[in-house]
Amino acid sequence: PAQRGVDDEIDLLDYLRVIWRYRWMIALLCLLAMGAAVALSLSKPRQYQATVTIVPPLDILQKESSGGLGALNSSLLRQVMDTGARSIAGMYIEILQSREVADAVVDRFHLMSVYDGIEYRSDAHRRLQGNTKVETTDGGAVRVTVLDLDPNRAAAIAGGYVEELDKQNKRLSAG
């Protein structure tokens, strides 16, 4: 029984023999995987990414750190604050992901005709939402990333989000 353990031992030379024996099959599988990866990458359309970063004004950040965002005169502003957006960056995210901003972006860039197979505005909203990522950074800024098949349109949509946020901020602060 002690002799049997020595015979069952496998060393590096045994592994190399197995690899050498199946070298053609290994090479064929590698070539097939590489061919599938190339075919997949060539069949998918190229997407471009545009990113904008929005930094809240310093006076708002100072008001926020001293205990609030002022009088909260606007009912929409109070509603946004009640939904869980407790910081200015959170409030910006809520505004950027609102239906009103999505409507403005869809209309401004004619996304219902740009996106293939879109018949309803809600479908355009879903596609836009799938192509857009809104997040906060560690420093309290808001980052908006837009993917599109056209690099110029991706940059324009990202900039459009900033302009729509500015419009909403002006409307909310006036109301």
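Structure first, text after, so check above.
(A) The arrangement of the overall build of the chain in detail. Along the backbone of the chain there are 10 helices and three strands. Each helix and strand of the chain, ordered N terminal to C terminal, gives the series α-α-α-β-α-α-α-α-α-α-β-β-α. Approximately 12100 Å² of the chain is accessible, and the part contributed by carbon and sulfur atoms is 56%.

(B) Structural view of the pattern of salt bridges. For the structure on display, the rule yields 11 salt bridges. Notably, a salt bridge pairs Arg121 with Asp103, separated by 3.4 Å at the nearest N-O pair. Residue Arg121 is found in helix H9 (residues 121-131), and its partner Asp103 is found in helix H7 (residues 99-108); the two are separated by 18 residues along the sequence. Using a relative accessible area of 30% as the deciding quantity, one classes Arg121 as partly exposed. The salt bridge partner of Lys167 is Glu164, with a shortest N-O separation of 3.4 Å. Here Lys167 pairs with Glu164, and both are found in helix H10 (residues 151-174), just three residues apart, close to one helical turn. Residues joined in a network through salt bridges with shared partners are Asp103, Asp107 and Arg121.

(C) Representation of the environment of Arg121. Residues Arg121 and Val106 lie 15 residues apart in sequence; the distance between their C-alpha atoms is 8.1 Å. Beyond its immediate chain neighbours, meaning those up to four positions away, Arg121 contacts Asp103, Val106, Asp107 and Met112.

(D) Up close: the side chain of Gln168. Turning to its location among the elements, Gln168 is positioned in helix H10. Taking the relative accessible area as the measure of exposure, Gln168 reaches 8% and is therefore buried. One polar contact links Gln168 to Arg171, side chain to side chain, over a distance of 2.9 Å. The contacts of Gln168, once residues within four sequence positions are left out, are Ile95, Glu100 and Val101.

(E) Here's a closer look at the nonpolar core. One finds Val142, Val144 and Tyr161 to be the most contacted residues of the largest nonpolar core, which totals 29 residues. Here this core gets seven residues from one element, more than from any other, and that element is helix H6 (residues 88-96).

(F) Geometry of the packing of aromatic side chains. Scanning the model with the defined rule gives zero aromatic pairs in all. Between Arg23 and the ring centre of Trp20, over which it is positioned, the NZ or CZ distance is 4.0 Å.

(G) Representation of H6. Of all nine residues in H6, eight are buried, a share of seventy percent or more. Taken together, the buried positions of H6 are occupied by Ile88, Ala89, Gly90, Met91, Tyr92, Ile93, Ile95 and Leu96.

(H) Broad picture of the sheet that holds strand E1 (residues 48-54). A sheet is described by the order of its strands in space; here three strands give the open sequence E1-E3-E2, paired in antiparallel fashion. Edge positions in the sheet fall to E1 and strand E2 (132-136), since each has one partner strand and no second. Across the sheet, the mean angle separating the axes of adjacent strands is 15 degrees when strand polarity is ignored. When E2 meets strand E3 (residues 142-148), the two strands line up antiparallel, connected through five bridges. Across the sheet, residue Thr132 finds its bridge partner in E3, namely Val146. Lying on the sheet, H10 is in contact with E1, E2 and E3; it crosses E1 at an angle near 20 degrees.

(I) Broad picture of the packing of H7 against H10. Where H7 contacts H10, the axes come no closer than 10 Å and their chain directions differ by 135 degrees. In terms of orientation, H7 lies oblique with respect to H10. Every pair of crossing elements has a handedness; the one defined by H7 and H10 is right-handed. Side by side, H7 and H10 meet where Glu100, Val101, Ala104, Val105 and Arg108 of the first sit next to Ile157, Gly160, Tyr161, Glu163, Glu164, Gln168 and Arg171 of the second. Grouping the amino acids of the contact of H7 with H10 by side-chain chemistry returns five nonpolar, two polar and five charged.

Thresholds applied
- Residues numbered from 1 in each chain as written.
- Predicted model: local features only at pLDDT ≥ 70, side-chain atom pairs only at ≥ 80, totals over all residues.
- Heavy atoms only, no water.
- Helix = DSSP H or I, 4+ residues; strand = E, 2+ residues; numbered from the N terminus.
- Areas by Shrake-Rupley, 256 points an atom, 1.4 Å probe, with all protein chains shown as cover.
- Salt bridge = Lys/Arg side-chain N within 4 Å of Asp/Glu carboxyl O.
- Buried < 20%, exposed > 50% of the residue type's maximum accessible area, 1.4 Å probe, protein only.
- Contact = heavy atoms within 4.5 Å.
- Polar contact = N/O pair within 3.5 Å; in protein donor to acceptor, adjacent residues only side chain to side chain.
- Core = buried A, V, L, I, M, F, W, Y, C linked by side-chain atoms within 4.5 Å.
- Phe/Tyr/Trp six-rings, centres within 6.5 Å; stacked < 30°, edge-to-face > 60°.
- Lys NZ or Arg CZ within 6 Å of the ring centre and 35° of its normal.
- Pairing = 2+ DSSP bridges.
- Axes fitted to C-alpha atoms, helices over the stretch in contact; angles between N-to-C directions.
- Parallel < 35°, antiparallel > 145°, perpendicular 65-115°, else oblique.
- Left-handed = near helix turned anticlockwise from the far one by under 90°.
- Nonpolar A, V, L, I, M, F, W, Y, C, P; charged D, E, K, R; others polar.

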